[in-house]
Structures are given as structure tokens and as C-alpha cells.
Amino acid sequence: MKVRSTIAALLGLLLILSTAAPLAAQEEALPRNETLYVAGMQWGPFSTFNPLSPNPTWPSNGENEYLYETLFAFNIATGNLDPLLAKELTVVDASTLEVTLQDGTAWQDGTPLTVDDVLFTYGLAQDHDDIDYVPFWSYVTEMTATGDRTIQIKLDPARLNIGLVKRYLSNVHILPQHIWTERAEGDTALSQVVDETPVGSGPYKVLDYSIERIALERNDDYWGEPIFGLPAPHYIVHPIFESNDAGNLALQRGEVDLSQQFAPQIWKMWEDDGLPVGAWFTEEPYHIPGNIPLLHINISRPGLDDPLVRRALAYSINYAQIAATAMSRYSIPVQPSLIIPSGGEEKYFDADQVAELGWEYNPEETRRILEEEVGATKGDDGIYVLPDGTRLGPYTILASFGWTDWQTAVEIAALNATEAGIEVNTEYPEAPQVIERRNVGDFDMLIWTHAGATPASPWQRFRDALDIRDVPDFGGVAYWNWNRFSHPDVADLLDQVAAATDEEMQKELYSKLDRIFLENIPVIPLMYRPLEFYEYNETYWTGFPNVNNPVAPPMHEEAGVEVLYVITPNE
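Residues numbered from 1 in each chain as written. Predicted model: local features only at pLDDT ≥ 70, side-chain atom pairs only at ≥ 80, totals over all residues. Heavy atoms only, no water.

*Asks:* For this particular structure, what's the right way to read the overall build of the chain?
*Replies:* Regarding its fold elements, the chain presents 16 helices and 24 strands. Over its C-alpha trace the chain gives a radius of gyration of 25 Å, about what one expects of a compact globule, namely 25 Å for 571 residues. Counting only C-alpha atoms and orienting by the principal axes, one finds that the chain spans roughly 90 × 65 × 50 Å. With 571 residues in all, the chain has 56% of them scored as buried. In the structure as shown, the chain presents an accessible area of about 22900 Å², 49% of it carried by carbon and sulfur atoms. Averaging the locations of the 34 positively and 86 negatively charged side chains of the chain gives two centres separated by 2 Å. (Helix = DSSP H or I, 4+ residues; strand = E, 2+ residues; numbered from the N terminus. Rg over C-alpha atoms; globule rule 2.2 N^0.38 Å. Buried < 20%, exposed > 50% of the residue type's maximum accessible area, 1.4 Å probe, protein only. Areas by Shrake-Rupley, 256 points an atom, 1.4 Å probe, with all protein chains shown as cover. Lys, Arg positive; Asp, Glu negative; His and termini not counted. Charge placed at Lys NZ, Arg CZ, Asp CG, Glu CD.)

*Asks:* Looking at this structure, I do not really get the packing of helix α8 (residues 307-315) against helix α16 (residues 503-520). What am I missing?
*Replies:* When two helices pack together, you describe them by how their axes are tilted relative to each other and by the distance separating the axes. As a packed pair, α8 and α16 sit with axes 8 Å apart at the nearest point and diverge in direction by 90 degrees. The orientation of α8 relative to α16 falls into the category roughly perpendicular. Residues P307, R310 and R311 of α8 pack against L518, E519 and N520 of α16. Split by residue class, the contact of α8 with α16 holds two nonpolar, one polar and three charged. (Axes fitted to C-alpha atoms, helices over the stretch in contact; angles between N-to-C directions. Parallel < 35°, antiparallel > 145°, perpendicular 65-115°, else oblique. Contact = heavy atoms within 4.5 Å. Nonpolar A, V, L, I, M, F, W, Y, C, P; charged D, E, K, R; others polar.)

*Asks:* Looking at this structure, how should I read the confidence of the model for the chain?
*Replies:* Fine structural detail should not be taken from predicted coordinates in areas where pLDDT scores are low. Across the chain, the average pLDDT comes to 92, with 95% of residues at 70 or higher. The model gives residues 1-26 a pLDDT under 50, and that stretch makes eight contacts with residues more than four places away or in other chains. (pLDDT = per-residue confidence, 0-100.)

*Asks:* Just to check I follow, could you spell out helix α6 (residues 244-253) for this structure?
*Replies:* Side chains that are three or four residues apart share a direction in an α-helix, a result of its 3.6 residues per turn. Within α6 the residues assigned to the buried category are N244, G247, N248, A250 and L251. Each buried residue of α6 lies within a common arc of 155 degrees when the element is viewed along its axis, so the set occupies one face. Turned more than 90 degrees away from the buried face of α6, the exposed residues are D245 and R253. On the buried face of α6, the contacting elements are β11 (258-259), α7 (267-271), α12 (404-420) and β22 (535-537). Just downstream of α6, G254 is the residue with a positive phi angle, here 85 degrees. (Arc of directions from axis to C-beta.)

*Asks:* I keep staring at the packing of aromatic side chains and nothing clicks. Help me out?
*Replies:* Between two aromatic rings, the relevant description is the distance of the centres plus the angle of the planes. The tally for this structure, following the rule as stated, stands at 29 aromatic pairs. Seen from their ring centres, Y536 and F544 are 4.9 Å apart, and the 15 degrees between their planes marks the pair as stacked. With relative accessibility at 2%, the residue F544 sits in the buried group. Clustering of aromatic rings is evident, with ring pairs tying together F262, W267, W270, Y286, Y330 and F533. Positioned above the aromatic ring of Y139, the side-chain terminus of R159 is 4.4 Å from the ring centre. (Phe/Tyr/Trp six-rings, centres within 6.5 Å; stacked < 30°, edge-to-face > 60°. Lys NZ or Arg CZ within 6 Å of the ring centre and 35° of its normal.)

*Asks:* What should I look at first to understand helix α14 (residues 459-466) in this one?
*Replies:* Burial within α14 is extensive, with eight of its eight residues counted as buried. Considered for burial, the residues of α14 that qualify are W459, Q460, R461, F462, R463, D464, A465 and L466.

*Asks:* I keep staring at unusual backbone geometry and nothing clicks. Help me out?
*Replies:* Note on backbone geometry: most residues besides glycine have negative phi, and most peptide bonds are trans. Along the chain, W58 connects to P59 via a cis peptide bond; the corresponding omega equals 10 degrees. Considering the arrangement of structural elements, one finds P59 in the loop between β1 (35-39) and β2 (72-75). In the segment running from G393 into P394, the intervening peptide bond is cis, with an omega of 5 degrees. Checked against the element boundaries, P394 lands in the loop between β16 (384-385) and β17 (395-398).

*Asks:* Help me understand the pattern of salt bridges, please; the structure alone is not making it clear to me.
*Replies:* Opposite charge on two side chains permits them to pair, given that their charged atoms come into close proximity. Following the criterion strictly, the structure yields 29 salt bridges and no others. We note a salt bridge from E365 to R368, for which the minimum N-O separation is 2.8 Å. Placement of both E365 and R368 in helix α11 (residues 363-374) is noted, with a separation of three residues, approximately one turn of the helix. When its relative accessible area of 25% is taken as the criterion, R368 is described as partly exposed. Here E519 makes a salt bridge to R515, at a shortest N to O gap of 3.4 Å. (Salt bridge = Lys/Arg side-chain N within 4 Å of Asp/Glu carboxyl O.)

*Asks:* I would appreciate a short explanation of the sheet that holds β17 in the present structure.
*Replies:* What links the strands of a sheet is backbone hydrogen bonding, and the strands pair in either a parallel or an antiparallel sense. With mixed pairing, five strands are arranged side by side in an open sheet as β18-β17-β19-β14-β20. Sheet topology places β18 (424-427) and β20 (523-525) at the edges, where each strand pairs with a single neighbour. For this sheet, the mean inter-axis angle between neighbouring strands, taken without regard to orientation, is 30 degrees. Across four bridges, the pairing between β17 and β18 is parallel. Bridge pairing in β18 places I397 opposite T426. Packing against the sheet, α12 makes contact with β14 (293-297), β17, β18 and β19 (445-449), and its axis sits at approximately 160 degrees to β18. (Pairing = 2+ DSSP bridges.)

*Asks:* I'm lost on the nonpolar core in this one. Help?
*Replies:* Within soluble globular proteins, side chains that are nonpolar generally end up buried alongside one another. With 143 residues, the main nonpolar core has L71, Y122, I266 and I524 as its most contacted residues. Among residues more than four places away in sequence, those in contact with L71 are P83, L84, L85, A86, V99, L101, V118, Y122, L169 and I174. In terms of nonpolar packing, the next biggest core, distinct from the first, is built from 31 residues, L36, I76, I288 and F544 among them. (Core = buried A, V, L, I, M, F, W, Y, C linked by side-chain atoms within 4.5 Å.)

*Asks:* I'm lost on the side chain of Q460 in this one. Help?
*Replies:* For Q460, the location among the structural elements is in helix α14. When sequence neighbours within four positions are dropped, the list of residues in contact with Q460 reads L164, R167, A451 and T454.

*Asks:* I tried to follow the sheet that holds strand β7 (residues 150-155) on my own but got confused; where do I start?
*Replies:* Spatially, β4-β5-β7-β6 is the arrangement adopted by the four strands of the open sheet, whose pairing is antiparallel. Strands at the two margins of the open sheet, each flanked by one partner only, are β4 (86-93) and β6 (140-145). On average, each strand axis in the sheet is tilted by 20 degrees relative to the strand beside it, whichever way the strands run. Running at roughly 160 degrees to β6, helix α2 (residues 115-127) makes contact with β5 (96-101), β6 and β7 of the sheet.

*Asks:* Even after reading the chapter, I still don't get the environment of M41, so can you show me in this structure?
*Replies:* Relative to the assigned elements, M41 resides in the loop between β1 and β2. For the pair formed by M41 and T188, sequence separation is 147 residues and the distance between their alpha carbons is 27 Å.

*Asks:* How should I be thinking about the environment of R515 in this particular structure?
*Replies:* Within the secondary structure layout, R515 lies in helix α16. We classify R515 as partly exposed; its relative accessible area is 30%. Separated by 162 residues in the primary sequence, R515 and Q353 place their C-alpha atoms 7.6 Å from one another. Contacts of R515, omitting those with residues within four sequence positions, involve Q353, E356 and L357.

As C-alpha cells, then:
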């Protein structure tokens, strides 16, 4: 009897252990009418919730405002900075800004969030060169507290750029000084700190994480409740999908409520299938344009180091096909310019210059440039060889695995280029690997975006593509200009346009910057893309903003947090 009792006890214990899981992977069954499922912002397993990491886990990545918060939140619908931790930004004079914090700001552990936390966070970039807002101090000379809730920012008169400073006020997550001081004084680089138990100021805390999902739970003690209220979902879950296709199927089935993924032919979900699915617009282009996916060219690679070869490559690509297939009617054929020719940037677009110096799909022009201007000869295999014996390829374009729109675009570009005599292949590593190789310059070509619509566009996009300042040599971690392009006139032009207040002067200076791009072609625009894809399914939640219900912007990051306050359960 004792043996049987012992066996029964052991079996019971094994049953308990078999149903248990590590704390980090514990996944609670959450009530569906209290849980918002989102997609498109996390493409791999947990790494760290450290927002200073170059590749943190959602929601610490990007400018998400769920866990950590910024002072202000950029609103793509209005172009303004919406209040968040700060309630007011005052332009005192041409070189002075004043930030006023909201009343009652606090950390999730109950510690007050004060001006000291803000000064500490921005001050980290003065002593730690591995975090991505180090350049903030290239434009700011001093940041001081002028009261219990006010901070004065003095801009560098030699590098005036209020637009870019506003950008940093809306994309730097404020950190708790009482937690991060010890980390800042430690031996581990701040960008490498692994944070598994984050303490932010936002309306959500981390509930659990695993290889399958990241789950957040609403912070019902959120400091912002008297000002903003509490967001409607008690939980937010981000499943980790293997590909866009898996995430899009979940959106179609109502298993995802709000998605930032590329969904081909989104209109068919409501027009053909009658599903309660929507986007910002109900007709083309369905999404607000806000970015330019670019083919980044490593200009140090033999062959690709010649601007004429890069121009020949640009003529070989069928941009209309990319717009129609890769972008699923979400883009018109792209213009050869770093300025988006619509919206807030349209006034700077120089159509005559683009027509004079730009390019279009024309394989015959590719042949003419390579044979008549470069002096290349085509081998028996159909690939050109330069006069010095350099064969044009094989080169490889990197794109993130599962990002189907980008994969389709580079497949078209690679096929076009190879048919025109420049051998190009494709490779699809996981997104974290692409980011790592991108930052250190370990690529032939890759597809990625530079800055989209921000308080500083198109200035920031020109900076990202052309400015060599604050960019380390190959092998060091760069946060822009990943191919290390350099031109002697860029820095001065960028500084002039940043300080200019006259619109005509701004247009003239942007035209000069665009000319440098057009003449040197360090990157090739492939298509236009929304700043964020915004798609929703109202099976379980309703009231999502759209053009007919513009109560919040069509975003996920930054001011997109406002969406959570206007939706309601679909009872």
C-alpha cells in the first residue's frame, strides 16, 4: 500500500510539474473582451526590454508609449507633437525651448517622475556613446531645470535645428534615475544591459513573455488617468508570428485586432469577404504615406563604388512593377528623390531637377551607361565586366525574413538587375541579423528605410542618407548612413536648411541636397510606404479611428497610443 501511495504521490507531482512553466514563459488565459491582440512590431523572441538597446523587445522598441514614455508624441495626422509626459513646449526664442511636465507623473513602482529623471535620461547620451540619441547634444548646449516642472533647453546657435530637437523630444524614452544610475555606473555598456523586469511610466506593465508572445497588463495606477483616462484594453498581447502571412491570416480570422503588418490587397477583406476589417482610407492608397524604402548600396564594394554603375543599376529596376506587386497598390511608382512629393514635404519637391537628373525603368539606358560611359564589356554569361577586370556581381541584397513586401521588392530589383547585366542575388536573414549587419556596414545591398514623416522631415532623411558626421568607420555601430557616404558640401547645407525659416530658402537648400543624392546615388528609392501600416478587425473591439472617425491618428507608435483610449469592446 505504501508503494502504491508513493507512486500515486509521485505521479501527482509529475502532473503538477508538467503543467507548470518558467515564470518568463508563463502564459495566462486572458479574457478575450479585455484583451487587444496586436501584430507587426515584434519578429523574434525576447532579448531585452532595455529601450537603449539597438534591438529591444516590444514594447520597448521604436517609439511605443505603452511601457516607457517620451515627453511628447508625434501625430502624423496633424504633424504636431501631442502632450504625454510633458504638457507644453514653448519656443522662448530662436535658440531656447522650455518643456513643462504634466502634474503627478510617476513611475510604475510609485516613485515620482521628476525633471531630474528627464535630465538624467538625456544626460546619459553625454557620457555613453553607445546609445542612439548621442547626436542630441550636437544640437543642444545645455538642458537645465528652471523649476519643479520646467526644463530649459539651449540650442547650439552654430547648429540651429528646432525640428530635429523636437524629434528627440518625441523619441527618447525617459528612464527612472533611481534604477538606471547603478547601471550607468557599471561596467556593462548601457545598450547591452539585459532588462527582464522593466519599470516604466506608461499605462502598461509586462505580464509575461515567451517564444510565442509578449503580453502586457494595464497599470491601473497609471499617473496619467486624471488627464487621459485609462486605456480600454486590460491586456495587450503581441503574438510572435513567423511571417507576414501568418499574421495576416490571424487578422483576417479576428485573432488579431490591430496590425502593423503589410497585408496584400487589404480591401478584399471587406469588399470580397465582407469582414469587419478596415484601414485609414477605404480606397487607394488605403494608408497615409510617410516613408521611402531604399536600396542601400555599399559604396565601398568593387564595382558599386562607381556612381555610374549605381546609376546603371537604378535604370535597371522596374519601379511600376514594385508599386503594383510589392506594395499592393499602396504606392505610386517612386520618384528618384529623397523628398516625398506629397503631404508636408511636397512644397520642397523640385520636379524639374528630378526630371533632369533622375532615372526611370529603362534597361537600354543601363546598357548605354555601362558600355559607353563606363567601358564595361558583357561576358558570355551576360554579366558586365569593368575595364579593370571587376565583374559586376554576384552581389547580394539583404531583406528581413518574413517581410513579404520588402522581399518581393528586392526579388524584382535583383531579377531586373541580373537581366540587365549586373548579377544580384537575395538573402533573407531574420530581422535582428539584418539590423546587426546593417549597422556595421556588412552588406553589398539591403532594403531599409531612413527617417519617415517626423517633426524634422525631410531634413532628417537627408541627414540619415548623406551625413557622415557622428558615423563610425565600417565595423562600428552606425545609426544612419550605413554605407558611410561622404560629400564635402552636405554638412553645411544641412546646417543651413535646419536654421532657415524662409520657405523659399528651405526649398533651394533641399534642392541642392537632392542634387547631391541624384548625382551620387548612395541609395535608390524603391517605393513609398506608410509610416506604419494601420489595419484593424472589429470582431472583438470597435471604434477604431479612420478617415471618417479621425479621433486618433492611424499609428501604433508615438501618438498611436491614443487609439487605446477610443476603442471599446464589441459586446
